[in-house]
Amino acid sequence: MLVTPATILTPQWHSGELATEVACGGDSVLDGSMLRLIKILLGLTLAWLGMVAAEHRTIPAEVFWESGFPWLASEDVAGAEPFEIPVYQLSYASCLESFTAILKGEEEPSPLFF
Amino acid sequence: MNTAKLPDREIAHALIATVLAQSEGTEQRRVFRFLLGAFMASLELYLNDPAQWRETCLEAWGEGPVAPTDPRPWAQALNGLHGHNGLLGWLDVYQTPAWLSMAEESRRVLADEDLDEAGRQFRMLMVTEPSLQPNLEEDPVRVHSIQFNPGFAVDAGEWTELVTQMEEGALWLWVENRATDSKLLKQWRAEVESLPDLSSRRGYFLKTFRGVAEWRKKGKWSLLNFLK
């Protein structure tokens, strides 16, 4: 358990401080540094609520097609609209297993990836 | 590509910039797969020594139309990776590997109150301006969270306070409104996004906002007033 202070700024950034107790762990894929920041940030949660627009928003599928990287596929996939787009992380073991299988030709890569 | 983990960021930045510098799709795929294989063959080395990884990428850069000193592929790579992080943050996709389903025409952004604690924190880290985030390796004890409205006017003292907080490191998010949508602000943000690395972007932010803070001695003014 850790007690940390944090400055809180509202939309027009006036500040205050919070101290909070935090338990971290679970199955997060974040690294140590990020977890440290999460400990610090937990006190910001209440400020964050309502600051970020809580309105109902959607992201069109086209955004994903336009943003995805195509380079794992062995051929040009311009215009491809896959049903699912995988999300990878370079230092995460399961992702590396997928990369290895793809590079060895044992796994079919998606036309696009994140 | 999820670059929530800090060591991944430099690795991914050099990797994607090198790929984007290639002249056409076939070469981009070849270089990407080559560098990915090289990275996996010496994973620990590169994660602990990003400078070594950058060297490896520069060796693979080749004699294409774009020199390694050209800021464009570096800026484009940074923008692409931050774009990915932003989308993953808004969609609460923080486990990897993950699959983004395209079964529906659009994906709903969950409200913050619908997220669990880890999800809210993850979103904050993923959607805020990376160049202004604090140095996490230094174990910061204070982190400023700033929702910035470029049309909101404040006085010199408040501007100075804001600059101090930006210098200390902040989770910076633009308020989305008409001011953010203005041509002047879009132009300014485009200038930031044309810079090749987080360090130069941070410098641009600070230089501008220091200028704003020193602009006038009396009254109140907004960033938009300054940019005009």
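Computed from a predicted structure; not experimentally measured.

Calculation criteria
Residues numbered from 1 in each chain as written. Chains lettered and ligands numbered in written order. Predicted model: local features only at pLDDT ≥ 70, side-chain atom pairs only at ≥ 80, totals over all residues. Heavy atoms only, no water. Salt bridge = Lys/Arg side-chain N within 4 Å of Asp/Glu carboxyl O. Helix = DSSP H or I, 4+ residues; strand = E, 2+ residues; numbered from the N terminus. Buried < 20%, exposed > 50% of the residue type's maximum accessible area, 1.4 Å probe, protein only. Expected span 1.5 Å × (residues − 1). Polar contact = N/O pair within 3.5 Å; in protein donor to acceptor, adjacent residues only side chain to side chain. Contact = heavy atoms within 4.5 Å. pLDDT = per-residue confidence, 0-100. Patch = residues over 30% accessible without salt bridge, like charges linked within 9 Å, V, L, I, M, F, W, Y side chains within 5 Å. Areas by Shrake-Rupley, 256 points an atom, 1.4 Å probe, with all protein chains shown as cover. Lys, Arg positive; Asp, Glu negative; His and termini not counted. Charge placed at Lys NZ, Arg CZ, Asp CG, Glu CD. Axes fitted to C-alpha atoms, helices over the stretch in contact; angles between N-to-C directions. Parallel < 35°, antiparallel > 145°, perpendicular 65-115°, else oblique. Left-handed = near helix turned anticlockwise from the far one by under 90°. Nonpolar A, V, L, I, M, F, W, Y, C, P; charged D, E, K, R; others polar. Phe/Tyr/Trp six-rings, centres within 6.5 Å; stacked < 30°, edge-to-face > 60°. Lys NZ or Arg CZ within 6 Å of the ring centre and 35° of its normal. Domains from an automatic or database assignment. Buried area = accessible area lost by both parts, 1.4 Å probe. Pairing = 2+ DSSP bridges.

**Structural notes on the pattern of salt bridges**
All names here are of chain B. One pass over the full model with this rule turns up six salt bridges over all chains. In this structure, glutamate 27 and arginine 30 form a salt bridge, with 2.7 Å as the shortest nitrogen-oxygen distance. Of the two residues, glutamate 27 and arginine 30 both sit in helix H2 (residues 25–41), three residues apart, roughly one turn of that helix. Overall, the relative accessible area of 46% leaves arginine 30 in the partly exposed class.

**Topic: unusual backbone geometry**
Positive phi, close to 60°, is recorded for B:Asp92, a residue that is not glycine. Given a relative accessible area of 22%, B:Asp92 falls into the partly exposed group.

**With respect to helix H5 (residues 71–91) of chain B**
Compared with an ideal rise of 1.5 Å per residue, which puts 21 residues at 30 Å, H5(B) spans 30 Å between its outermost C-alpha atoms and is within 8% of the ideal. Just downstream of H5(B) lies B:Asp92, where phi reads positive at about 60°.

**Brief notes about the side chain of B:Asn2**
Position of B:Asn2 relative to the elements: it lies in the segment before helix H1 (6–20). At 2.7 Å, the side chain of B:Asn2 forms a polar contact with the backbone nitrogen of B:Ala4. Beyond its immediate stretch of four places on either side in the chain, B:Asn2 contacts A:Val87, A:Tyr88, A:Gln89, B:Asp8, B:Asn85, B:Leu88, B:Val93, B:Thr96, B:Phe122 and B:Met126.

**What to know about the confidence of the model for chain B**
Per-chain confidence: chain B averages 92 in pLDDT, with 99% of residues scoring 70 or above. Quick note on the complex model: pTM equals 0.84, ipTM equals 0.89.

**Remarks on a negative patch on the surface**
A cluster of like negative charges, contributed by A:Glu62, A:Glu66, A:Glu81 and B:Glu105, occupies part of the molecular surface. Inspection of the secondary structure puts A:Glu81 in the loop between helix H3 (61–67) and strand E4 (84–87).

**Focus on the packing of H1(B) against H2(B)**
Residue and element names in this part refer to chain B. Remark: H1 packs on H2, axes separated minimally by 8 Å, with the N-to-C direction vectors making an angle of 155°. Here H1 is positioned roughly antiparallel relative to H2, judged by the angle of their axes. Note on packing geometry: the crossing formed by H1 with H2 is right-handed. Across the interface between the two elements, Ile11, Leu15, Ile16, Thr18, Val19 and Leu20 from H1 touch Gln28, Val31, Phe32, Leu35 and Phe39 from H2. Across the contact of H1 with H2, the residue classes break down as nine nonpolar, two polar and no charged.

**Brief notes about the packing of aromatic side chains**
With the rule as written, the count across this model stands at 27 aromatic pairs over all chains. Ring centres of B:Trp174 and B:Phe205 lie 6.3 Å apart, and the angle between their planes is 35°; on these two criteria the pair is classed as tilted. Placement of B:Trp174 in strand E4 (residues 170–174) and of B:Phe205 in helix H9 (residues 198–213) is noted, with a sequence separation of 31 residues between them. The same class applies to B:Trp174 as to B:Phe205, namely buried. Taken together, a centroid distance of 6.1 Å and an interplanar angle of 80° make the contact between B:Trp188 and B:Phe209 edge-to-face. Within this pair, whereas B:Trp188 is found in helix H8 (residues 183–193), its partner B:Phe209 is found in helix H9, the two being separated by 21 residues in sequence. B:Trp188 gets classed as buried once you look at its relative accessible area, which sits at 5%. According to the relative accessible area criterion, B:Phe209 is buried, its value standing at 0%. Taken together through their ring pairs, the aromatic side chains of B:Phe148, B:Trp159, B:Trp172, B:Trp174, B:Trp188, B:Tyr204, B:Phe205 and B:Phe209 make up a single cluster. Over the face of the ring belonging to B:Trp90 we find A:Arg57, whose NZ or CZ atom lies 4.7 Å from the ring centre.

**Here's the deal with helix H7 (residues 156–168) of chain B**
Because each turn of an α-helix spans 3.6 residues, side chains separated by three or four positions in sequence point in the same direction. All names here are of chain B. Taking 1.5 Å as the rise per residue, H7 with 13 residues should run 18 Å; its terminal C-alpha atoms sit 19 Å apart, in good agreement. Buried within H7 are the following residues: Ala156, Trp159, Leu162, Val163, Gln165 and Met166. One or two steps after H7, the chain reaches glycine 169, where phi turns positive at roughly 110°.

**A few points about the domain arrangement of chain B**
Residues and elements named next belong to chain B. Assigned domains of chain B: these are domain 1 (6–120) and domain 2 (128–227). Each partner contributes residues to the interface: domain 1 has 10 residues there, and domain 2 has 13 residues. It is Leu6, Leu78 and His82 that lose the most area in domain 1 upon contact with domain 2, and together they represent 46% of the buried surface on that side. Run the count over domain 1 and domain 2 and you get zero salt bridges. Where domain 1 packs against domain 2, one counts five residue pairs in polar contact (both at pLDDT 80 or more). Those elements that place two or more of their residues in the side of domain 1 that touches domain 2 are H1 and H5. In terms of residue count, the dominant contributor to the side of domain 1 that touches domain 2 is H5 (seven residues).

**Quick look at the pairing of strand E2 (residues 106–109) of chain B**
In E2(B), alternate side chains face the same way, and those of B:Arg107 and B:Val109 are buried while those of B:Ser106 and B:Arg108 on the opposite face are not. Bridge count between strand E3 (residues 57–60) of chain A and E2(B): four bridges; the pairing is antiparallel. In the sheet register, A:Arg57 faces E2(B), and the bridge partner there is B:Val109.

**Quick look at the environment of B:Ser106**
Here B:Ser106 lies in strand E2. You can call B:Ser106 partly exposed: its relative accessible area is 26%. Here B:Ser106 is in contact with A:Thr58, A:Ile59, A:Pro60 and A:Ala61, once residues within four sequence places are set aside.

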